[in-house]
Amino acid sequence: MAFIGFRCGRCGATYDPGEVRYVCPRDGAEGTLDVLYDYDRLRAALDPERLRAHPARSIWRYAPLLPLRPKTLAREEGAGPLQTVGWTPLYRAERTARRLGLRAVYVKDDGRNPTASFKDRASAVVALKAIEEGASVVTTASSGNAAAALAGMAAALGLVAVIFVPHTAPPAKIAQLLIYGARVYLVEGTYDEAFDLAIAAAEAFGWYCRNTAYNPFTREGKKTAAYELWEQLGGRAPDRVFVAVGDGNILSGIWKGFRDLAALGWIDRLPVLMGVQAEGAAALAHAWARGDPDARPEPAQTIADSIAVGRPRDARFALQAVRETGGAFLTVQDEEILQAMQTLAREVGVFAEPSAAAAFAGLEKAAREGMVGEEEEVVVMATGNGLKDVSSAIRATGEAPRIPAAIPEALKHLRAEW
Ligand SMILES: *Cc1c(COP(=O)(O)O)cnc(C)c1O
Ligand SMILES: [Zn+2]
């Protein structure tokens, strides 16, 4: 295993693998940890051509770059949907590129994961880590998708999942939790409150906690998306990547994946990372605008429930990712998100939930404002499937008309329109 320790994103202290479990003891929850690897050893052991020929069409093709022991990794085999996490399709969006006047636009459809969101990448790695740590119960707070992913992966591995979600989570996400057999608690509060509750419950009952960024391995699962982009584009990084941002952990994960590839010497420049937030839940965009290294808590209110985060838990790394790659944070209105849901579905054929469509809305805005160069190759991360929140889709489109079943009458209706 090339995993050699952790570094705190706040104070820079380093720790050995067994020395800490979640966050920096000095800084508490503010001190999320970066997972460190022995890149010299990896560089000597790995051949990019061989990696690209790996038969597994999942995140497990990158096993040597994950912080799991070979014996733990072996549990993936035969564990049902756990085996098929990742390796999601990358679609070329020709019409979007033409309309926006860009060389190439790609959409990576992570709604195609086993539980229909990007969160499967993190939950699969963390569920295996729980087994490595000897836990039989895993817990998480979530706005919905991280929980659905953990519940699904726990079911595949025979672990018990205890879930804390806001009672306002979309019904489809709650249904996923219940059907996978998780113990579900609908918290009468926000995601930010559920987050602290899950940590307290994990401490009180000895459960393994997956909370985003608080558990340092969520970012490690998420980084696999960057490796896939590199492979799917024929062994290079795109110029720019748009990511919807709540906690900032997907953004920091994608940054981590590209930093790994650069450390291995497989790419020579990182893509510019663009963080997209909803206007009503924009703590990171505001911190970015102020030039702060960390976010301040703010109220969060948006139709995009997966990014309705008031206290982003991976703030430091997310801000650093954007700053160091020369990117930016943007905000989009709920109306723009609903419009982007339709455009993405109609122009590319990808049905995304509002939070995922926010990234596409961010591309529209950035292109409109001249922030994207014509010659660039741009990727939009579609992080969650639209079936997770059909009421928002119908809010975007309006209801379909009803017509009588009798053919003559129905045809009369149709003739009025066609
Ligand atoms: C979780 C999530 C995000 C945001 O990820 P963060 O790590 O919280 O920034 C974006 N889109 C979807 C669909 C998500 O589930
Ligand atoms: Zn620290």
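Only a predicted model underlies this, so the values are computations on that prediction, with no experimental measurement involved.

Considering the site of ligand 1
Close contacts around ligand 1 come from 16 residues, with Lys119, Asn145, Gly246, Gly248 and Thr383 the closest. Contact distances for ligand 1 include 2.7 Å between an oxygen atom and a backbone N or O atom of Gly246. Ile250 has a polar backbone atom sitting 3.0 Å from an oxygen atom of ligand 1. About the coverage of ligand 1: the protein hides 98% of its 380 Å² of free accessible area. Each residue belonging to the shell around ligand 1 can be placed in one class, and the counts come to four nonpolar, eight polar and four charged.

Concerning the pairing of strand S8 (residues 183–187)
One ladder, built from five bridges, connects strand S7 (residues 160–166) with S8; its direction is parallel. Residue pairing across strands places Phe164 opposite Tyr185, the latter belonging to S8. Handedness of the crossover joining S7 and S8 through helix H7 (residues 171–179): right-handed.

With respect to the coordination of the zinc ion (ligand 2)
Distances from the zinc ion (ligand 2) to its protein donors, Cys8 (SG), Cys11 (SG), Cys24 (SG) and Asp27 (OD), fall within 2.0 to 2.3 Å. Coordination at the zinc ion (ligand 2) is tetrahedral, judged from the four donor atoms that bind it and the angles of 101 to 120° they form at the metal. Along the chain, the residues donating to the zinc ion (ligand 2) are arranged with the sequence spacing C-x2-C-x12-C-x2-D. Pair noted here: Cys11 is in the loop between strand S1 (3–8) and strand S2 (14–15) and Cys24 is in the loop between S2 and strand S3 (33–37), with a separation of 13 residues, a long-range link.

Let's talk about the domain arrangement of the chain
When its domains are assigned, the chain resolves into domain 1 (1–45) and domain 2 (83–116 + 218–397). If you average the C-alpha positions of domain 1 and of domain 2, the two centres end up 26 Å apart. Tallying the contact residues gives 12 residues for domain 1 and 14 residues for domain 2. Here domain 1 meets domain 2 over a buried area of about 1100 Å², counting both sides, of which 45% is carbon and sulfur.

Regarding the sheet that holds strand S4 (residues 90–92)
Strand order in the open sheet formed by six strands is S4-S5-S13-S10-S11-S12, with mixed pairing between adjacent strands. Of all the strands in the sheet, just S4 and strand S12 (328–332) have a single pairing partner and so form its edges. This sheet shows a mean twist of 25° between the axes of neighbouring strands, independent of strand direction. With respect to the sheet, helix H10 (residues 224–232) is in contact with S4, strand S5 (104–109), strand S10 (240–244) and strand S13 (377–382), its orientation differing from that of S5 by roughly 135°. Strands in contact with helix H11 (residues 249–263) are S10, strand S11 (272–278), S12 and S13; relative to S11, the strand with the most contacts, it is inclined by about 170°.

Conventions and cut-offs
Residues numbered from 1 in each chain as written. Chains lettered and ligands numbered in written order. Predicted model: local features only at pLDDT ≥ 70, side-chain atom pairs only at ≥ 80, totals over all residues. Heavy atoms only, no water. Near = heavy atom within 4 Å. Polar contact = N/O pair within 3.5 Å; in protein donor to acceptor, adjacent residues only side chain to side chain. Areas by Shrake-Rupley, 256 points an atom, 1.4 Å probe, with all protein chains shown as cover. Nonpolar A, V, L, I, M, F, W, Y, C, P; charged D, E, K, R; others polar. Pairing = 2+ DSSP bridges. Helix = DSSP H or I, 4+ residues; strand = E, 2+ residues; numbered from the N terminus. Right-handed = clockwise from strand over helix to strand, strands pointing away. Donors = N, O, S within 2.8 Å, 3.2 Å for Na, K, Ca; no water. Tetrahedral: all angles 85-135°; square planar, octahedral: opposite > 155°, others 65-115°. Domains from an automatic or database assignment. Contact = heavy atoms within 4.5 Å. Buried area = accessible area lost by both parts, 1.4 Å probe. Axes fitted to C-alpha atoms, helices over the stretch in contact; angles between N-to-C directions.

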